[in-house]
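This is what each chain is made of:
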Amino acid sequence: MVGGGQLARMTHEAGIPLGIKFKLLSDTPQDSAAQVVSEVVLGDYRDLDTLRDFARGCDVITFDHEHVPAEHLAALEADGVVIRPGREALVHAQDKGVMRAKLDEIGAPSPRHRIVADPADAAAFAAEVGGFPIILKTVRGGYDGKGVWFVRTPEDAQDPFRAGVQVLAEEKVDFVRELAANIVRSPHGQAVAYPVVESRQVDGVCDTVIAPAPGLDEELAGQAQELALRIAKELGVVGHLAVELFQTKDGRILVNELAMRPHNSGHWTQDGAITSQFANHVRAVLDLPLGDPRPRARWTVMCNVLGGDYPDMYSAYLHCMARDPQLKIHMYGKDVKPGRKVGHVNTYGDDLDDVLERARHAAGYLRGTIVE
């Protein structure tokens, strides 16, 4: 696996019961996955020679991020290295312009959009879609709210272009909530779909995921799952695909983003599904039969633990575990920085209000924002 973050850490964990030998390319020995994987290669994923050396002896290469240069992926595939998802699929998660063009081609519903050249062009786009505000995004490299600008005036449109990067303009969607459809697809075309979830953001970062999305019409949920499965097939995705969606006030769904790896909106599956997203991703990239994606409980809630004040983590564990014996805590071994994702908690049960309260209390206590 290329990338040493928490996604690699949890994917490695899912492979342990199967006896999978896991090799990791990581930036530093302190990275989340590098702390727990036995075979770690330290190096820069942006260097082709490093990637080639790393690939020797690997049956298959997969990723915990989308940032490996496309030309390096092409070179590895030319060398005969098996990459899942492959370069032609992964480019749609790397480049928002390419993604939008392909979604248009296959008829997947999206916000109105186009590449804009400068602030004046952004203002012209705003006029085309009914005026400001609009959303501007870097075509490559943005995540967790980074590389995204909420633009209210022509003057606000200056900042994205100062970095000298290509910029995508999108209409501001009048949505009621954000959803995510997570699916896993194998090389021979077997695919499974998890329940559609509601994803709640705070300051552009995922805060809470509720599975399944409360009150979501069955027909619309089915449409979201079918859309995600169709996108995976059309793009040739192998492994996990998260399709982030807007649910609009007029009852439609629109594609916001794609991620071709295990995803924050699927972390609930570790404890809330028969087969987790991580276990199914491992199965898919190794072309093994996929596992059952059905939920174990009526409701599962995931809350991210963000960096805060940790005066005594042992005491925090004592409190959280004693208060809620069913609570599941997943910490990533990261250095604590304000706003950084350092872990998550999962709760489950039959009463949504209770499940939500338990998850929020535990995440807040672990962060230090709740002290009793």
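These lines cover the structure that appears in this document, whether it is placed above or below. (Residues numbered from 1 in each chain as written. Predicted model: local features only at pLDDT ≥ 70, side-chain atom pairs only at ≥ 80, totals over all residues. Heavy atoms only, no water.)

Quick notes on the overall build of the protein
So, point 1. A count of helical and extended segments in the protein gives 12 helices and 15 strands.
So, point 2. Seen through its principal axes, the protein has C-alpha atoms that stretch 55 × 50 × 40 Å.
So, point 3. When the 372 residues of the protein are sorted by exposure, 55% land in the buried category.
So, point 4. Long-range pairs, those at least 24 residues apart, make up 61% of the contacts in the protein with a sequence separation of at least 6.
So, point 5. Counting every atom, the protein has about 16,400 Å² of accessible surface; 48% of that belongs to carbon and sulfur.
So, point 6. Taking the average place of the 40 positive charges on the side chains of the protein and the average place of its 53 negative ones, the gap between the two points comes to 2 Å. (Helix = DSSP H or I, 4+ residues; strand = E, 2+ residues; numbered from the N terminus. Buried < 20%, exposed > 50% of the residue type's maximum accessible area, 1.4 Å probe, protein only. Contact = heavy atoms within 4.5 Å. Areas by Shrake-Rupley, 256 points an atom, 1.4 Å probe, with all protein chains shown as cover. Lys, Arg positive; Asp, Glu negative; His and termini not counted. Charge placed at Lys NZ, Arg CZ, Asp CG, Glu CD.)

Some details on the packing of aromatic side chains
So, point 1. Counted under the stated rule, the structure contains 2 aromatic pairs.
So, point 2. Ring plane angle 85 degrees and centroid distance 6.4 Å describe the contact between Tyr 194 and Trp 268, whose orientation is recorded as edge-to-face. With Tyr 194 in the loop between strand 8 (191-193) and strand 9 (197-202) and Trp 268 in the loop between strand 12 (253-259) and helix 9 (269-272), this residue pair connects regions lying 74 residues apart in the sequence. Residue Tyr 194 shares its accessibility class with Trp 268, and that shared class is buried.
So, point 3. For Lys 23, the ring lying beneath its charged end belongs to Phe 54, and the centroid distance is 5.2 Å.
So, point 4. In this structure, Arg 46 packs its charged tip against the face of Tyr 45, placed 5.6 Å from the ring centre. (Phe/Tyr/Trp six-rings, centres within 6.5 Å; stacked < 30°, edge-to-face > 60°. Lys NZ or Arg CZ within 6 Å of the ring centre and 35° of its normal.)

Structural notes on the nonpolar core
So, point 1. Judged by nonpolar contacts, the single largest core of 42 residues is most densely connected at Val 2, Ile 231 and Leu 241.
So, point 2. At the level of secondary structure, the elements contributing two or more residues to this core comprise helix 2 (48-55), helix 3 (70-78), helix 4 (87-94), helix 5 (96-106), strand 7 (175-185), helix 8 (218-235), strand 11 (239-248) and strand 12.
So, point 3. In terms of residues, this core owes the most to one element, helix 8, which gives 8 residues.
So, point 4. Among the nonpolar cores identified, the runner-up in size contains 18 residues, and Trp 299, Cys 303, Val 305 and Leu 356 belong to it. (Core = buried A, V, L, I, M, F, W, Y, C linked by side-chain atoms within 4.5 Å.)

As for unusual backbone geometry
So, point 1. Of note, the amide linkage connecting Phe 132 to Pro 133 takes the cis form, showing an omega dihedral of 5 degrees.
So, point 2. Mapped onto the elements of the fold, Pro 133 is located in the loop between helix 6 (119-128) and strand 4 (134-138).
So, point 3. A cis geometry characterises the amide bond from Ala 211 onward to Pro 212, with omega recorded as -10 degrees.
So, point 4. Along the chain, Pro 212 falls in the loop between strand 10 (205-211) and helix 8.
So, point 5. The backbone of Asp 203 shows a phi angle near 55 degrees, a positive value even though the residue is not glycine.
So, point 6. Residue placement: Asp 203 occurs in the loop between strand 9 and strand 10.
So, point 7. The backbone phi angle of Asp 287 is positive, close to 60 degrees, even though this residue is not glycine.
So, point 8. Using a relative accessible area of 35% as the deciding quantity, one classes Asp 287 as partly exposed.

Some details on helix 2
So, point 1. Turning to helix 2, its buried residues are Thr 50, Leu 51, Phe 54 and Ala 55. For helix 2, the angular spread of buried residues about the axis comes to 130 degrees, placing them on one side.
So, point 2. Contacts made by the buried residues of helix 2 are with strand 1 (23-26), strand 2 (39-42) and helix 3.
So, point 3. Sitting at the head of helix 2, Asp 47 places a side-chain oxygen 3.4 Å from the backbone nitrogen of Asp 49. (Arc of directions from axis to C-beta. Polar contact = N/O pair within 3.5 Å; in protein donor to acceptor, adjacent residues only side chain to side chain.)

Topic: the pairing of strand 11
So, point 1. The element strand 11 is extensively covered by neighbouring structure, given that 10 of its 10 residues are classed as buried.
So, point 2. Sheet analysis places strand 7 next to strand 11, joined by 10 bridges and oriented antiparallel. Pairing of Ala 180 across the sheet is with Glu 244, part of strand 11.
So, point 3. Connecting strand 11 to the next strand, strand 12, in antiparallel fashion are 4 residues, including Gly 251 with a positive phi near 85 degrees. (Pairing = 2+ DSSP bridges.)

Regarding the sheet that holds strand 5 (residues 148-151)
Sheet strands associate in pairs through backbone hydrogen bonding, adopting either a parallel or an antiparallel arrangement.
So, point 1. Spatially, 3-6-4-5 is the arrangement adopted by the 4 strands of the open sheet, whose pairing is antiparallel. Each having just a single partner strand, strand 3 (113-116) and strand 5 make up the two edges of the open sheet. Averaged over all adjacent pairs, the angle separating strand axes in this sheet is 25 degrees, with direction ignored.
So, point 2. Two elements, strand 3 and strand 6 (residues 167-171), share 4 bridges in a ladder whose sense is antiparallel. By the bridge assignment for strand 6, His 113 is matched with Glu 170.
So, point 3. The strands that helix 6 touches are strand 3, strand 4 and strand 6; relative to strand 3, the one it contacts most, it runs at about 165 degrees. (Axes fitted to C-alpha atoms, helices over the stretch in contact; angles between N-to-C directions.)

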